[in-house]
Amino acid sequence: MDYNFDKITNRQNTDAIKWDPMAQQNDFGAKNILPFGIADMDFPVAPAIQSALQKRLDNGVFGYSEGTDYNEALQNWMKQQHNWNIPSEWITNTNGIVLAINLAIQAFCQAGDQVLIQEPVYYPFASSARNNGCQVVSNDLINHDGHYEIDFDDFEKKAADPKTTLFILCSPHNPIGRIWTSEELHHMVKICAKYHVCVIADEIHSDLTMPNEKFINTAVAAKEWQDNVMTCLSESKAFNLAGIKISYIVISDPHMRQLFRRSVDRSFAVDLNPFAMAATVAAYRDSEDWLK
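This structure is a prediction, so every number in the text was calculated from the model and none was measured.

Description of the overall build of the protein
Right, on to step 1. Along its length, the protein carries 11 helices and nine strands.
Right, on to step 2. With respect to the three principal axes, the spread of C-alpha positions in the protein is 55 × 50 × 40 Å.
Right, on to step 3. Of all 292 residues assigned to the protein, the portion counted as buried reaches 48%.
Right, on to step 4. The long-range share in the protein, meaning contacts at least 24 apart out of those at least 6 apart in sequence, stands at 72%.

Let's talk about the pattern of salt bridges
Right, on to step 1. Using the criterion set out here, one finds eight salt bridges in the structure.
Right, on to step 2. Glutamate 184 is the salt-bridge partner of arginine 178, the closest N and O atoms lying 2.7 Å from each other. Of the two residues, arginine 178 and glutamate 184, neither departs from the other in class, the shared state being buried.
Right, on to step 3. Lysine 292 is the salt-bridge partner of glutamate 288, the closest N and O atoms lying 3.1 Å from each other.

Notes on helix α2 (residues 47-59)
Right, on to step 1. The first and last C-alpha atoms of α2 sit 19 Å apart over 13 residues, in line with the 18 Å expected at 1.5 Å per residue.
Right, on to step 2. Of the surrounding secondary structure, the elements contacted by the buried residues of α2 are α10 (274-286).

Here's the deal with the sheet that holds strand β9 (residues 247-251)
Right, on to step 1. Across the sheet, seven strands lie side by side as β1-β9-β8-β7-β6-β2-β3; this open sheet has mixed pairing. Edge positions in the sheet fall to β1 (91-94) and β3 (135-138), since each has one partner strand and no second. Ignoring which end each strand starts from, the neighbouring axes of this sheet average 25° apart.
Right, on to step 2. With four bridges joining them, β1 and β9 adopt antiparallel strand pairing. Looking at β9, one finds that isoleucine 91 is bridged to valine 250.
Right, on to step 3. Packing against the sheet, helix α9 (residues 254-267) makes contact with β1, β7 (198-202), β8 (229-233) and β9, and its axis sits at approximately 20° to β1.

A few points about the nonpolar core
Right, on to step 1. Among the nonpolar cores identified, the biggest contains 32 residues, and Ile49, Trp84, Ile86, Leu233, Phe239 and Leu241 are the most heavily contacted of them.
Right, on to step 2. Only α2, α3 (69-82), β9 and α10 provide two or more residues apiece to this core.
Right, on to step 3. Broken down by element, this core gets its largest block of residues, seven residues, from α10.
Right, on to step 4. With near-sequence residues (within four places) excluded, phenylalanine 239 lies in contact with Val45, Ile49, Trp77, Ala283, Tyr284, Ser287, Trp290 and Leu291.
Right, on to step 5. One finds Cys198, Met230, Cys232 and Ile249 within the second-largest nonpolar core, a separate group that totals 29 residues.

About the criteria used
- Residues numbered from 1 in each chain as written.
- Predicted model: local features only at pLDDT ≥ 70, side-chain atom pairs only at ≥ 80, totals over all residues.
- Heavy atoms only, no water.
- Helix = DSSP H or I, 4+ residues; strand = E, 2+ residues; numbered from the N terminus.
- Buried < 20%, exposed > 50% of the residue type's maximum accessible area, 1.4 Å probe, protein only.
- Contact = heavy atoms within 4.5 Å.
- Salt bridge = Lys/Arg side-chain N within 4 Å of Asp/Glu carboxyl O.
- Expected span 1.5 Å × (residues − 1).
- Pairing = 2+ DSSP bridges.
- Axes fitted to C-alpha atoms, helices over the stretch in contact; angles between N-to-C directions.
- Core = buried A, V, L, I, M, F, W, Y, C linked by side-chain atoms within 4.5 Å.

Following this line, the structure appears as structure tokens:
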């Protein structure tokens, strides 16, 4: 199927966070400023997704919803695209990954604990930790002429601190653009397992990779210690569905999964958007060619 990615879609005055607030808060006195602070596209979503949402709209009733097709679509996609078989019982759904990270901090950390991140990194990691009473410690990435690398000596030193209980990994890394190698992922998770530090792997950008690059899921790269990893997945970035809130939290360890689900239940963040469910199925089942 042919797609026209040259078509201009005017998103101004459409309640788009990316465009409308910038126009209202423009302190530069210039016109035609381009917004790069919000990670969504100005391309319309794939036709299959539009059709699925229209079909759901035509139903006319939008009450509490539940089903299995959306998780099955994710499972099939992960198996085909990433060679990762995810049992159904490993998956917990939430209304977004940032929410899930906050709920995980509440589940796995106590007030005053340290949360390890790797600056420069997506800012809600640090704010989520602090908002939940934790301290932030950073294993700063090393910039070698534009190529960022991990300081593993510093990483292990900070993971070994008894106050460090959680590590939030960004893979692929936002904003530096690195796809971590299997060896790098293996090493980080192994160190965390050694010091009983839980790993949250935010893999929301895993399907937005350059054509000749291969993404490796953290739990696959470090299979021996996958029970120490909570993987956060969503189609929202790759298929431009950030405004339709849904995410898939994959936890293989039953105890860790139970703790997280208790945190989800306490927040009452258990109901999913029926439009998100329909969009997920259309994205993963019918929109691979659009993504490519």
